[in-house]
Structures are given as C-alpha cells and as structure tokens.
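Below are the chains, spelled out letter by letter.
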Amino acid sequence: MKSRNGKAGPLSLTRRKLVLGGSLVGGALIIGYTAMNFGSVAAGALSIGAEQPAASPFGPFIRIDADGWVTVVNAFQEMGQGVHAGIAAIVAEELDADWGKIRVVAAPANTAVYKNGAMGMQVTAGSSAIAGAWHRLRTAGAAAREMFVQAAAQKWGVQAGTITVRNGMVIDTASKLQESFGSLLTLAAKQQAPAAPLLKSPDKFELVGSRRIGRKDGVSKVTGGPIYTQDVQLPGMLVAMVAHPPRFGAKMRDFDAAAARSIKGVVDVFAVPSGVAVVAQDTWSARKGRDALSVSWDEEAVEKRSSVELRQLFQQIGELKTNDSGRSYFSKGDPAKAFNEAEFQASYDFPYLAHAPMEPMNCVAQVDGRQVKLTVASQLQTIDQINTALAAITLPGSVQIETLPTGGSFGRRGLFSSDYIVECVRIARHVGGGKPVKLVWTREDDTISGFYRPMAHHRLWINRDADGLPAAWRHHTIAQSLLPIGPNSTEVEGIETSSYVTGCSVADCRVFTPTVGVPVGFWRSVGNSHTAMVLEHTIDQLAHMGGVDPAEYRRAIYRKAGDERRLAALELVCERAGWGHSMQDGWARGLAVHEAFGTVVAQVAEVAILDGRPRVRRVVCAVDCGIAVVPDQIAAQMEGGICFGLSAALCGKITLGDGGTPAQNNFDTYEVLRHPDAPVVETHIVPSRRDPSGVGEPGVPPIAPAVANALLVLTGEPTTSLPFVS
Amino acid sequence: MKLNVNGKGRMADVDPDMPLLWAIRDHLHLPGTKYGCGIAQCGACTVLVDGHAVRSCSMSVADAQGSQITRIEGLGGDHPLQVAWLKLQVAQCGYCQSGQIMQAAALLAANPKPTEEDIELAMAGNICRCGTYQRIKAAIKEAAGAV
C-alpha cells in the first residue's frame, strides 16, 4: 500500500490474506497488515487522523513516532511469560531499532487482524505466540527498515545499496550522512511498503538471542504500578461479588437480600444466571453484603460423585469393565495377541488441579445500550467478544476490549465459556448506563470455580522385544474432554508422537472421555501435564526391568527412531547434570525428556527424601525451542515451568469430598510450592537454526517424571499417583 | 479513620473493621498492594507496619491506626531490592512481587546479611505461582550486598 500526503493510495491485493502496508497516521508511521480492501477502509479511517494504534485503519503492528520511539502492538496476552519482550526483539532486530526506544502496547480485540495464525482466533495459548509472530513481525520490521532506507536514498540522492541502519539511525556508509527514524518519518511514509522485504540471516542477528535484552515491564512490576484488572479505578465504578453455588451444577432457587441490602455501601442485589450478585461502592462492602446473603440452591443437577468414586469409575473404564470402548487414536499391528501376557502393566492417577493464578479472576465491564467496553486481562479475545455480545444482546463488533496484563493465568483466562467475563457483563448490563462495574472474585470463588485440569487415569500394558525395547504398547487414557462436544486429542497429546509408542510394532491407544459435571479447562501444558509423567516414568521402569541405565535406554529408542532433537537435548542435559556421576548418600538423579508444542525439554532432577517428602534441590534443564529469541526469558520460563509442574507434582490436588463438594478453596488447603521447596534450575539452550517454538508450557511436563524417576532409584517403588505428598 | 501511609497522614471514610488492604486499595487509591487470598496465606498484600511485615488483608484499619505503614511506593523505586529485582529480571506476571519485595525489605532491615536458610524461612509465606523463587532469592542476596 502506498500513502501520499496522508491519503491512502490504491493497493494491489496479494494472494496472502494479510497485506502489509505503511502509512502516516496522526504524525506517526504505522506499519501493519490489513485483512480487507485497504484502500477504502484506510481512506475513511485516515481522515480521522487516529492518534492511537488501536484506532488506526489497518491492524498496526509497528508504530514509529516523530520522536523516534518504536511502538510494537502486541496481539498476545502478557501473562508473565514475557511475550512482549520476544515480539519487541523480533521487530527491533529486523528494523535495526534502538532497543532503548522500543515500547510494547496491547492490541485491541480484532480477530481479522490479530488472529493467532495456527488457531484462527485472537488467542494466546498453546505456547504459540513467538512461533506465530516470528515471520509476520520480522517481515513488518524489515519492511519498515526498507522504507526508511528508500526514504534516505531519495532525500540524500544516494544509492540505497550503501545505506545501513543501526540503533534507529539511518546511515549512508559512503557519504557518512545520517538521520534518525524520526526525521525521516514523513518521507518514509511515502515509500512503497515492500511485499517481501529481505530478512536477515539468523547468523546476523544482534538482538535476537542476545543476553542483553529482556523484559520491558520490570519497573511497573517492582514499584506496584496499576497494571492489572484488579487495579482498574474508573469514576463512579461499582464493585460486584457473586454468591456462587457450593457444588457444581447447582442453580439458585431463592434468596433473601434484606440483610445484604442493609450493609453500608451495598447498592443493589439481584439474581444472575451464575448466582446472586451484590453490587456495592467498594470491595469490602460487596464482600460483607455477599456474606449477609441467604441463598437456597436447587441441587437437582449437582455432580454428587466424590473423587474416590470417580477414580474407581475411571479405573473400571480403563480395564474395559464398562460399556465404553473409547476412541482409538493410534493403532498399529495386530493387538489381538500382543497383550495376552503383558510383562509390564501399570496404572497412574492424576487429580483435578486448579490454576490458582495470584490474581483471582476479575473483570471490568461497561454496558451502555448495545455498546460494551471490557477492561480485562483477556486471553481469548475472539471468544470473549462473542460471549460478551451474546450476554449483552449485541454484536461482537460492538464489544471493545482493552486487554490488560494478567497476574498469572496458566490457562484460566482462556476459556470457551468466558465464565467470569460473561458474569461481569450481565451485572454491568443490569446496572446499565455505561456505569463501570468491577467484578471481583475472592480466592475461594476462584479455587472452587472449576475449569480444572481434568482428573485423569492411565492404564498401560507393554511387552518388550529381544533387545528389551518397547515392542507392543496398549494405552488407555480416561479423562473428561476439554471441548464441549465429543472426544478430543488434547488429553492424550504427546503419546502418539512419542517414539516410545511409535517405535513399537504393535500399538493400541485409546482415549475415553466420560461425562462428569465438573467444568474442566486448559491448564498450563494441557494433556502433557499427565501424559509426560506416564510416558517418562514408564520408560524408566522398563529400563530398570532390563537393568539398563535410563539415559542409555532412551538413547537406544531415539536413535532407532531417528529422533535427533530428543537425542541432542538428552546429551546436553546429561553432560551438564553430571549424569552417571556418583551422588552424596540419600540423593538420586531422575531424568525425563518430553516434547510439547514443538519444543523439546530434557530435565535431570536431584532428589532426596527429607522428613518423609521429596526434596528437589537442583534441576538441570536442556531446551530445544528452535532459534532462541530472548534467552533469559527462555530460562525464566523453564524455571517457572519447573516450579509450576513441581508444585502440582508435590502437593497439588482438588478433591471432591462426599457429595461432590471441593475440599480445597484457598492456599491453606490448596497447597502450592513455596520458597523452601523451590529448586535451583539451570537452563541450557540447545543451539538451533529452526524457527522458534514456544517456551511457556513445555517446561512444565518433564519435572514430575524426573522426580518420580529419582524416587524410583531411592525407594525402588514406582509412583502410581500424583501428588507425591497426599 | 486516619492512616499514616508512606509518611503521609491520610483520611479514609471507612468502617473500622475494613481490612487495611481494601482501605489502601479502594479508598486511598494505592493499588500497589495486591489482593491474593484474603486469609494471610499468600503474602501478596504485605506491607510494613512500624517496620514489620504484615498481611494487610488480615489487619483491620482500626488496628493500623497510629502506626507507620510503608507500602511498595514508599521504597522510592531505587531501593536496593527494587534495583536488584530489575537487574535479575525477577518478575514474570509480577502480581506477587510488591508483597515479596516488602517481605524482603523487612528481612533485610532485621537481618542485613541473611543466609539461604534465613531467606527461605522469611519468605516462606509469600507465594509466587509463576515460580520466580530462585531469582527472588538471588535478588535478595544481591541487595544484601548493597544495603
């Protein structure tokens, strides 16, 4: 697209759905993509002279202002994973921008422009942000750079070939003329944005892969900056809390609001589909009002089964003792005879897990007729927009979302139901008039709200070949489906791509998805959070059966399968962990290697049993995530992922007591990893020239089996259920 | 109710039973102190009351009257802990970090050269779900060298 004197020129649409363009908007150069016919859209929007990237005509990805500052528009949710630093690095690298003059802002909700390529929605999930942004943002950055080079060549009357860009300065190496991005802005905006700009060769990267770049949000996070949904304060804002049913599936039958209404500060009390809302002047009044409510619940449709009962049911399903024959997702050879006498059999049980991010769920909504404004840490803008529109009886296009960073999510804010957002929208609609309403959930609300990592049961039958390697693998996985309809593969991810299974001559892998009235959802690393434990702990038991070192056993399988990436990660982690070297009495090493979301992670944990519980003092981690974009943030995600996985493995569980009531509702009962149990993590990155893959989730899955494998050495006993400490 | 926050006298028109946390956040409009659990289990709301680390979710405004309350903003932004936190890129989601830093400030005030064990013990009540524990520990050690 070409823009002259602030007016949009004609655009030749290429076959790519998104078309790169650049133009001058409100005094800034905007580089972005449009999903529509750019000319007409841009002409109207340009005349507005939008100052904000959010209001510019075509989904901007980069904005460069006259002062030389580069603003990168982040389509992804910053939930602590440091994605903003990664996308800033990608843009700065190709643009040759000054790292000190780059900032990142959140993109508005606009699926057409900001959809996550792999998923077709505006969503931050599946450790896909950097992988998804990689090509698009490199291209946008390189295109902007080329426009500055062309502008300088024109202005100085020199050949573009002698012009280079460094730290936001455009320099002619022959004449030594130089100017900043800022001073070349107007002329750059008049240049044709190249459709296929030349990208740097990875060996020329200076910022990507550098240890000197890092997060840009550090200052606000160490000074208590008001950056979260919980911190939003708007004039006239009301605070809402909702009395939710104590068990899953209950509905409000009746309530008495008299006592609640008498609490100072309480403004209104009314029914919403999810319970009874109390709207008040401030959080404490809302809380007191809610405590004063008297609600009776219709418990007809309640899920009354306890965790113990569900576990028994899952075990029966796994043994094919019910009429559920499951769904085969991977099979090979003739399973009829292969498992008559399975020499290795095992079963594993996993509990429900809450996400428990430090910031409990919350949302700010304003509903004025058919217009809705959400100020919220949305992780799944496309779906949140649709669900909000349904709740407010409007169109998704009338729902504006200002995405804020979140105090953790781990999948909780990325739900197809948008549960807490819809609840807030319904309350704000009742209040009406565009008045801002902040819905605040207490920790208890958050913990018992469900959308847990599903409880899971695995049942395995395995036979080995003459070399002792797995030859026949039957695997039943029982877990609720994460999708509203039918079975899905997320609960068995990692199994059919494992060379332990694919290398067998016979395989029979089935998934069973019983219906249980407990809402389940995506939880950091999803199915891998249990399949890695099953695969990696099983493989150590098979190695021990044959008297083979577990690292050597894996090597044999990976070599046979030609799995070079797992081999490389294995070798690196063994070397750095001192695998095979003797350890102090009472300590043992455990190893695990798992691929999730395209990233291979190998971990060696050093474990002892102290005071009757596992103590993990050190974890060495090797990660192959393709080209390392921000190495320090990769290390941070491995450290964090290991703590998150270890927390669940050591003590994480939501159990349903008799009658189906969750037995844990706050950090006194829902135990999580604390400082004294946190290991020292050493991260080593496997050198790679592959395009980047994600790091937010893949650090989580290997730690549980790494610890279980060390415990196997220490005690001789396999682990058959998590958490370790019950 | 009269509160002394970060060296300034502030009036808050609230009931005496309101937790200090909500008076600070909703009425003094100082959101740096975070809500995490409401039952003194996670430490996100930690402030200093007369120099001691206190969970502001579990102290009433009435009990806080007459005390010197120091919150994250009161550290000034260039406190050795904040400098170390930035240098070591501690924060991920960042939500717990105000509380972690206030707890660490109380620790260093009482024990300027803490051992690893001292740090683990003093910080055990502050949860970080992102798992930044090892960087927190390193930042406290770094700051202890500078205090």
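From a predicted model like this one, the values you see are computed outputs, not experimental measurements. (Residues numbered from 1 in each chain as written. Chains lettered and ligands numbered in written order. Predicted model: local features only at pLDDT ≥ 70, side-chain atom pairs only at ≥ 80, totals over all residues. Heavy atoms only, no water.)

Trainee: Explain the overall build of chain B to me, and be specific about the residues and the numbers.
Mentor: The number of helices and strands found in chain B is six helices and five strands. In sequence order, the secondary structure elements of chain B are arranged as β-β-α-β-β-α-β-α-α-α-α. In chain B, which comprises 147 residues, the proportion classed as buried is 59%. Counting contacts in chain B only where the partners sit at least 6 residues apart, residues at least 24 apart contribute 57% of the total. (Helix = DSSP H or I, 4+ residues; strand = E, 2+ residues; numbered from the N terminus. Buried < 20%, exposed > 50% of the residue type's maximum accessible area, 1.4 Å probe, protein only. Contact = heavy atoms within 4.5 Å.)

Trainee: Which residues make up the domain arrangement of chain B, and what are the values?
Mentor: Residues and elements named next belong to chain B. Partitioning chain B into domains gives domain 1 (2-74) and domain 2 (75-146). Spacing between the C-alpha centres of domain 1 and domain 2 amounts to 20 Å. The interface is formed by 17 residues belonging to domain 1 together with 13 residues belonging to domain 2. Surface buried jointly by domain 1 and domain 2 totals about 1,300 Å² across both partners, of which 55% is contributed by carbon and sulfur atoms. If you look at where domain 1 meets domain 2, you find zero salt bridges. When contributions to the side of domain 1 that touches domain 2 are tallied by element, the ones reaching two or more residues are strand S3 (46-49) and strand S4 (52-55). By residue class, the composition of the side of domain 1 that touches domain 2 is six nonpolar, seven polar and four charged. (Domains from an automatic or database assignment. Buried area = accessible area lost by both parts, 1.4 Å probe. Salt bridge = Lys/Arg side-chain N within 4 Å of Asp/Glu carboxyl O. Nonpolar A, V, L, I, M, F, W, Y, C, P; charged D, E, K, R; others polar.)

Trainee: Provide a residue-level description of the sheet that holds strand S22 (residues 456-464) of chain A, including the pertinent values.
Mentor: Residues and elements named next belong to chain A. Taken together, five strands build an open sheet; the order of strands is S16-S24-S23-S22-S17 and the sheet is mixed. Looking at which strands have only one partner, the edges of the open sheet turn out to be strand S16 (327-332) and strand S17 (344-350). Sheet twist, expressed as the average angle between the axes of neighbouring strands with direction ignored, equals 10°. By the bridge criterion, seven bridges tie strand S23 (residues 470-479) to strand S24 (residues 506-512) in an arrangement that is parallel. (Pairing = 2+ DSSP bridges. Axes fitted to C-alpha atoms, helices over the stretch in contact; angles between N-to-C directions.)

Trainee: An account of the pattern of salt bridges is requested, with residue identities and associated values reported.
Mentor: All names here are of chain A. In this structure the tally under the stated criterion is 50 salt bridges over all chains. We note a salt bridge from Asp96 to Lys200, for which the minimum N-O separation is 2.8 Å. In this pair, Asp96 is assigned in the loop between helix H2 (83-95) and strand S7 (102-106) and Lys200 in the loop between helix H5 (181-189) and helix H6 (218-222), connecting sequence segments 104 residues apart. Here Lys373 ties to Glu402 by a salt bridge, and the two come within 3.2 Å at their closest N and O atoms. Separated by 29 residues along the polypeptide, Lys373 in strand S19 (residues 371-376) and Glu402 in strand S20 (residues 399-403) bring together distant segments of the chain.

Trainee: Now, about empty space enclosed by the protein: what can you tell me, with residues and values included?
Mentor: Residue and element names in this part refer to chain A. For the coordinates displayed, the defined rule picks out five cavities of 30 Å³ or more. In this model, the largest cavity occupies a volume close to 120 Å³. Around the largest cavity, the lining comprises 16 residues; the ones closest to its centre are Ser529, Gly645, Ala648, Ala649 and Leu722. The set of elements that each furnish at least two residues to the lining of the largest cavity consists of helix H18 (631-651) and helix H19 (703-715). When its residues are assigned to classes, the lining of the largest cavity shows 12 nonpolar, three polar and one charged. (1 Å grid on protein atoms, 1.4 Å probe; cavity = no way out; pocket = protein on both sides within 12 Å on 5 of 7 lines; lining within 4 Å. Points joined across faces, edges and corners; volume = space filled by probe spheres on them.)

Trainee: Can you lay out the packing of aromatic side chains for me, pointing to particular residues and giving the numbers?
Mentor: Residue and element names in this part refer to chain A. Across all of its chains, the model carries 12 aromatic pairs over all chains by this definition. Centre to centre, the rings of Phe410 and Phe644 are 4.6 Å apart; their planes meet at 35°, and the pair counts as tilted. In this pair, Phe410 is assigned in the loop between S20 and helix H12 (419-431) and Phe644 in helix H18, connecting sequence segments 234 residues apart. Each member of the pair, Phe410 together with Phe644, is buried. (Phe/Tyr/Trp six-rings, centres within 6.5 Å; stacked < 30°, edge-to-face > 60°.)

Trainee: Before we move on, can you summarise the pairing of strand S1 (residues 2-5) of chain B with the specific residues and values?
Mentor: Every regular strand shows the same layout, with side chains that alternate between the two sheet faces. Residues and elements named next belong to chain B. Here S1 shows one buried face, formed by Leu3 and Val5, and one open face, formed by Lys2 and Asn4. Direction of pairing for S1 relative to strand S2 (residues 8-11): antiparallel, over a ladder of four bridges. Across the sheet, residue Lys2 finds its bridge partner in S2, namely Met11. Connecting the antiparallel pair S1 and S2 is a turn made up of two residues, with Asn6 showing a positive phi of about 50°. Bridge count for S1 against strand S5 (residues 68-70) is two bridges, and the pairing is parallel. Looking at S5, one finds that Val5 is bridged to Ile69.

Trainee: Can you explain the side chain of A:Asp384? Please cite residues and give values.
Mentor: Residue and element names in this part refer to chain A. The topology assignment puts Asp384 in helix H11 (residues 381-392). Buried charge without a salt bridge: Asp384, with Arg413 as the nearest opposite-charge side chain at an N-O distance of 7.9 Å. Engagement of the side chain of Asp384 in a polar contact is seen with the side chain of Ser378, the distance being 2.7 Å. Only 2.7 Å separates the side chain of Asp384 from the side chain of Ser418, close enough to count as a polar contact. (Lys, Arg positive; Asp, Glu negative; His and termini not counted. Polar contact = N/O pair within 3.5 Å; in protein donor to acceptor, adjacent residues only side chain to side chain.)

Trainee: Can you tell me about the pairing of S20(A), naming the residues and giving the values?
Mentor: All names here are of chain A. In S20, alternate side chains face the same way, and those of Val399, Ile401 and Thr403 are buried while those of Gln400 and Glu402 on the opposite face are not. Note that S19 and S20 share five bridges and pair parallel. What sits directly across from Val376, in S20, is Thr403.

Trainee: Summarise H11(A); cite the residues concerned and give the values.
Mentor: Residues and elements named next belong to chain A. Its 12 residues place the ends of H11 16 Å apart at the C-alpha level, agreeing with the 16 Å of an ideal helix rising 1.5 Å per residue. Most of H11 sits inside the fold, with 10 of its 12 residues counted as buried. Inspection of H11 places Gln381, Thr382, Ile383, Asp384, Gln385, Asn387, Thr388, Ala389, Ala391 and Ala392 among the buried residues, and these make up the whole buried set. For H11, the elements touching its buried residues are helix H3 (111-114), S19, S20 and H12. Backbone geometry just downstream of H11 places Ile393 in the positive-phi region, at approximately 50°. (Expected span 1.5 Å × (residues − 1).)

Trainee: Provide a residue-level description of the domain arrangement of chain A, including the pertinent values.
Mentor: Interface size, as often reported, equals the accessible area lost upon joining of the parts. All names here are of chain A. Taken domain by domain, chain A holds domain 1 (3-218), domain 2 (229-301 + 361-440) and domain 3 (308-341 + 452-715). Counting the surface domain 1 buries against domain 2, the share from its top three residues, Gln77, Met79 and Ala109, is 45%. Connecting domain 1 to domain 2 are zero salt bridges. Inspection of the region where domain 1 meets domain 2 yields eight residue pairs in polar contact (both at pLDDT 80 or more).

Trainee: Break down the packing of H2(A) against helix H4 (residues 129-156) of chain A for me, citing the residues and quoting the values.
Mentor: Residues and elements named next belong to chain A. Where H2 contacts H4, the axes come no closer than 7 Å and their chain directions differ by 35°. In this structure, H2 crosses over H4, and the sense of that crossing is right-handed. For the pair H2 and H4, contact is made by Val83, Gly86, Ile87, Ile90, Val91, Glu94 and Leu95 and by Ala129, Ile130, Ala133, Trp134, Leu137, Arg138, Gly141, Ala142, Ala144, Arg145 and Phe148, respectively. Of the residues in the contact of H2 with H4, the class split is 13 nonpolar, two polar and three charged. (Left-handed = near helix turned anticlockwise from the far one by under 90°.)

Trainee: With reference to specific residues and values, describe the environment of B:Pro16.
Mentor: Residues and elements named next belong to chain B. Considering the arrangement of structural elements, one finds Pro16 in the loop between S2 and helix H1 (20-27). Relative accessible area serves as the criterion here: at 44%, Pro16 is assigned to the partly exposed category. The spacing of Pro16 and His29 is 13 residues in sequence and 18 Å in space, taken between C-alpha atoms. Setting aside residues up to four positions removed in sequence, Pro16 forms contacts with Met1, Ser60, Val61 and Ala62.

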